[in-house]
Amino acid sequence: MGNAFTPGLLIAPRTAVTKTRKLPLGGHATVSVGDIVTHDQTVGMANHQGPLTLVRAAEILELDNDRMEKHLSCHVGDIVEKDQLLGETSHFFDLVRNECRSPVKGFIEEISPTNGFIAIREPATILEVSAYLSGTVTRVSKTDVDVSCTACVIQGIFGLGGESSGEIMIVSEDEDITLENLTEECEGKIIVGGRSIEKDAIDMAKLCKVKGIVVASIEHKVIHDILGEYIGVAITGQENLGFTLIVTEGFGKLKMDSRTMELLKQHKGETASFNGSTQIRAGVVRPEVIIPVLEYCESKDAKSSLAVAKELQIGTRIRIIRSPYFGELAEVTELPEQPEAIATEAKVRVLKAKLDSGETATIPRANVEIID
Amino acid sequence: MAEERKINAIIATDCGSTTTKVILITRTPEGEYRLAGRGEAPTTVEAPFDDVTIGVINAVTELQEITGRKLVENGKIILGGDSNEGADLYLSTSSAGGGLQMAVIGVVASLSAESAQRAALGAGAIIIDSFTYDDGRTEQDRVERIRHIRPDMVLFSGGTEGGTTKHLVEMAETLLMADPKPRFGELFKVPVIFAGNSEALPLVTDVLGKKVDLIKVNNVRPTMEEEDLNDAGQAIHRLFLEHVMAQAPGYEKLMSWVSVPIMPTPSAFGQCIAAVGEKEKINVLAADIGGATTDVFSSVNGRFTRTVSANYGMSYNICNVVKEAGFENILRWLPFESSVNELWDMALNKMIRPTTIPQTARELLIEQAIVREALRLSFAHHMRLAGGLKGIVRQRSVAEAFEQKGAAVINAGDMDLIIGSGGALSHAPRRRQTALIMLDSFEPEGITELDVDSIFMLPHLGVLSSVEPDIALEVLHRDCLIPIATSLSLKGQLKEKEVCAELTINTPEGETNYKLYPGRLYRFTETAEKLFSFTIRPDREVDAGEGPGVEYERKARFSAVGLVIDTRGRPLVLPDDPKERIRKNRSWAKAIGAFDMEEDS
């Protein structure tokens, strides 16, 4: 009969999840196997050396690199304050003076006569890694900690921003999220909308200190306005937006898949861990919303709806993933064996389907996903 | 060889980043080798499959359904079956690994790292991030970022010759701690190309040890005033082709299935193009537009050049094409009004659901507009690499790093034959659309034959040629290369509304004379029924390929579209006024029969 393929998005009411938390460099775990942890609990930490700042001293002092050192008032190992004088020169009988000052607090790590730089190391900082998931610590090694739980998992198709957590709040089931939906109650929440969101609502959500936004779709111009640039290669997750955005269906104006909305509704008021990181390339990474439902157990009944290649049959429920029926749900009524011409005149393998709207349509098999 | 082994059937797959294509070649009762059928299925490198062989089996199963020949049993391709089932050989090419996204490491952002970035960009890669000592990040930030972006390759620069070694060692330590993993963690280590101070190499090698695949090339910044991009650029290109592109989850399993080693798709494709150029003694240009990359090949005066533009493609990298080309350059090819929003939303949706196909004429034409720009960008990249990176040491400046100095190695006017391949060209609903896309993208000059890879099988034949060259050549000429048009393109002083050339078509029935005006496309379809010759007499300031005002006669060849005369001029400039541009696009499409749309509707 032939197969149909989904983009591999996981929509699971209950499944086993394990997240590996990489410890900071030179760090150590602060938990042990079997510990019950919350999503915001620290599982590893490290005392970490500060960043290095390079000062172009020779250039600032208008000297050749090899003459720089003679004009410096600092030495390797010295501790310096921000704006402290590192060296100076004078020209034209002291009429023109050049001063080189430290842009940061730290200690002088290196003075390079070859390149004319002074390297200043800033003070050490304490780095911590959180559990991300509320669950059980299932493995601890020198470099990482595994946290596991049973959870409801929803993968989106595109996202922005990194890891966060918050209480799920449905603000709009069937319509766009608008300014009216956004109140101070949204603070610290992950808000859910069944269709799309415009830029003004995103700005308001940010003002309301929303931690996450889950919507079915978004228009490119909103993404462009948020990021200030067009997306070329979609490798996201480290944008500093003040919130995390997760799109479940695609770009434009689309309605959220009813399974996704139903799951989110079932868990409203519960705390979710979520991450907008996306990498759309071979070796794909998808954004995710994870809602722990039970403490971790070696449960055999945790079920995943993660698709495998499913066979299309008469009666199979499908969702259409390309214009002109993008987002519509339908039921397969015919599966012609031989390729047929479509409106573009291309001859491709098709199926015939009855849309939920009542219309019948011929659709390329490449443009559907099975939703059973 | 084929006779001795009595090969009855050959299955060959090409695992692309988006689609896995399979062909079946069988031996006819007359002893000829012919294409018996093709099938395809989405490539299965994403979750939940994570195994390229699933897509292979799906594609072969479709081929089995279409041809009626049993090819799959118990989830495996039948090899060595009887003459009515399975195949004697199973071969494969792969570009399933997709595009090339790199990280650059240097000491100072404005010096060595900047040179390294230019080398990587020149080689067709995308720089996801650049890490330097003065980037203001903590070491932990750098480590986390490297882990997050999962670069396909790292270009490690820093230090002029005789300069710093200490900072390079520290950056090597950062890289070691980040322990970058390939997107597909199966068989290979992330390649790290060391293009920094050569005195630091032993120290860096000590640090990185066996964790990465360290490759030494010339320092990209040997002195403060000089840069040397060529060696690093060539290494990036080679490593991408040999290691990154072909790899995918399940690759090891696929290797155990094939009769000969899997070839990277561009290598196999290039093998065919080089053979055509050599055998026919002609200058050939070929382009294969895929989902993640666009590969361009040329064989000019016996010199073969292959380039892979690693981030211009029609699915995973479609947004990168739109971004790099600029949406105005995409919209200019459309025969209707559109908007930036429509274009971007469509491109983004294609990127996130790469296996979908256009179902409406409108979406098809938008995709074909993007194809034109992907081909133009990739062709420009090819010309730059073919000629521009020869000069080894350059004074530092962005302009010089990218500008092509001296005579160009490849000129559009030198090409005798242009071959189009890849889904967007091989599977365009009408061959006339393919012909128009190729004319717009490559802007050939004078007489140029246009061929298309009939069903996208050049990579399959390339790998076949490594074991059965005679069979490969037989199928190449019988079933693969389809002549779609002969193009005759004029350039020079094309004065509006004045005759720029006269054409005489000579058929057995007699002569027919035509006056040719500028700004148009003409199609002469007699070739579809019978061969004819033609004489072109350009105006004295117009060049039809043999020089201004030079008249000549040629025999036309049989082709799907016929003789196409392009009087739009070179370079091809489209009107600035959107309405006039749309009218022109419609009239050109109508002239060539690319699609049905009234000129003034």
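Residues numbered from 1 in each chain as written. Chains lettered and ligands numbered in written order. Predicted model: local features only at pLDDT ≥ 70, side-chain atom pairs only at ≥ 80, totals over all residues.

## Some points on the overall build of chain B
The helix and strand tally for chain B stands at 19 helices and 28 strands. The C-alpha radius of gyration computed for chain B amounts to 25 Å, which stays within 12% of the reference 25 Å derived for 601 residues, consistent with globular compactness. Viewed in the frame of its principal axes, chain B has a C-alpha envelope of about 80 × 65 × 45 Å. Relative to its full complement of 601 residues, chain B shows a buried share of 58%. Pairs at least 24 residues apart make up 71% of the contacts formed inside chain B by residues separated by at least 6 positions. (Helix = DSSP H or I, 4+ residues; strand = E, 2+ residues; numbered from the N terminus. Rg over C-alpha atoms; globule rule 2.2 N^0.38 Å. Buried ≥ 20, exposed ≤ 12 C-beta atoms within 10 Å, placed from the backbone. Contact = placed C-beta atoms within 7 Å.)

## Describing the interface of chain A and chain B
Across the contact, 58 residues belong to chain A and 63 residues belong to chain B. When residues of the side of chain A that touches chain B are assigned to their parent elements, the largest contribution, 3 residues, is made by strand E6 (residues 52-55) of chain A. For the side of chain A that touches chain B, the per-class residue count stands at 31 nonpolar, 19 polar and 8 charged. (Nonpolar A, V, L, I, M, F, W, Y, C, P; charged D, E, K, R; others polar.)

## Considerations on the nonpolar core
Residues Met153(B), Leu155(B), Ile193(B), Ala232(B), Ile236(B) and Ile370(B) are the most contacted members of the largest nonpolar core, which totals 287 residues. A per-element tally of this core places helix H13 (residues 361-388) of chain B first, with 13 residues. (Core = buried A, V, L, I, M, F, W, Y, C linked by C-beta atoms within 7 Å.)

## Considerations on the pairing of strand E18 (residues 212-218) of chain A
Residue and element names in this part refer to chain A. With respect to burial, E18 is a largely interior element, 7 of its 7 residues being buried. In the sheet, strand E17 (residues 189-193) pairs with E18 via 4 bridges, with the strands oriented parallel. Counterpart to Ile 190 in the pairing with E18 is Gly 212. For the crossover that starts at E17, traverses helix H2 (residues 199-207) and ends in the parallel E18, the hand is right-handed. Alignment of E18 against strand E20 (residues 244-251), held across 6 bridges, turns out to be parallel. Counterpart to Val 214 in the pairing with E20 is Ile 246. (Pairing = 2+ DSSP bridges. Right-handed = clockwise from strand over helix to strand, strands pointing away.)

## Notes on the domain arrangement of chain A
With domains assigned, chain A is organised as domain 1 (52-121), domain 2 (157-286) and domain 3 (312-370). The straight-line distance from the C-alpha centre of domain 1 of chain A to that of domain 3 of chain A is 70 Å. (Domains from an automatic or database assignment.)

## Regarding the environment of Gly166(A)
Residue and element names in this part refer to chain A. For Gly 166, the location among the structural elements is in strand E16 (residues 163-172). Take Gly 166: there are 21 C-beta atoms within 10 Å of it, and that puts it in the buried class. When the C-alpha atoms of Gly 166 and Pro 292 are compared, they prove to be 12 Å apart, with 126 residues separating the residues in sequence. Residue contacts for Gly 166: discarding those within four places in its chain leaves Gly 188, Lys 189, Ile 190, Lys 211, Gly 212, Thr 271 and Ala 272.

## Some words on the sheet that holds strand E9 (residues 153-156) of chain B
All names here are of chain B. An order of E8-E7-E9-E10-E11 is seen for the 5 strands of this open sheet, with the pairing classed as parallel. Edge positions in the sheet fall to strand E8 (126-131) and strand E11 (213-216), since each has one partner strand and no second. When strand polarity is set aside, the average angle formed by the axes of neighbouring strands in this sheet is 25°. Pairing of strand E10 (residues 191-194) with E11 involves 4 bridges; the strand directions are parallel. Bridge pairing in E11 links Ile 193 to Ile 215. (Axes fitted to C-alpha atoms, helices over the stretch in contact; angles between N-to-C directions.)

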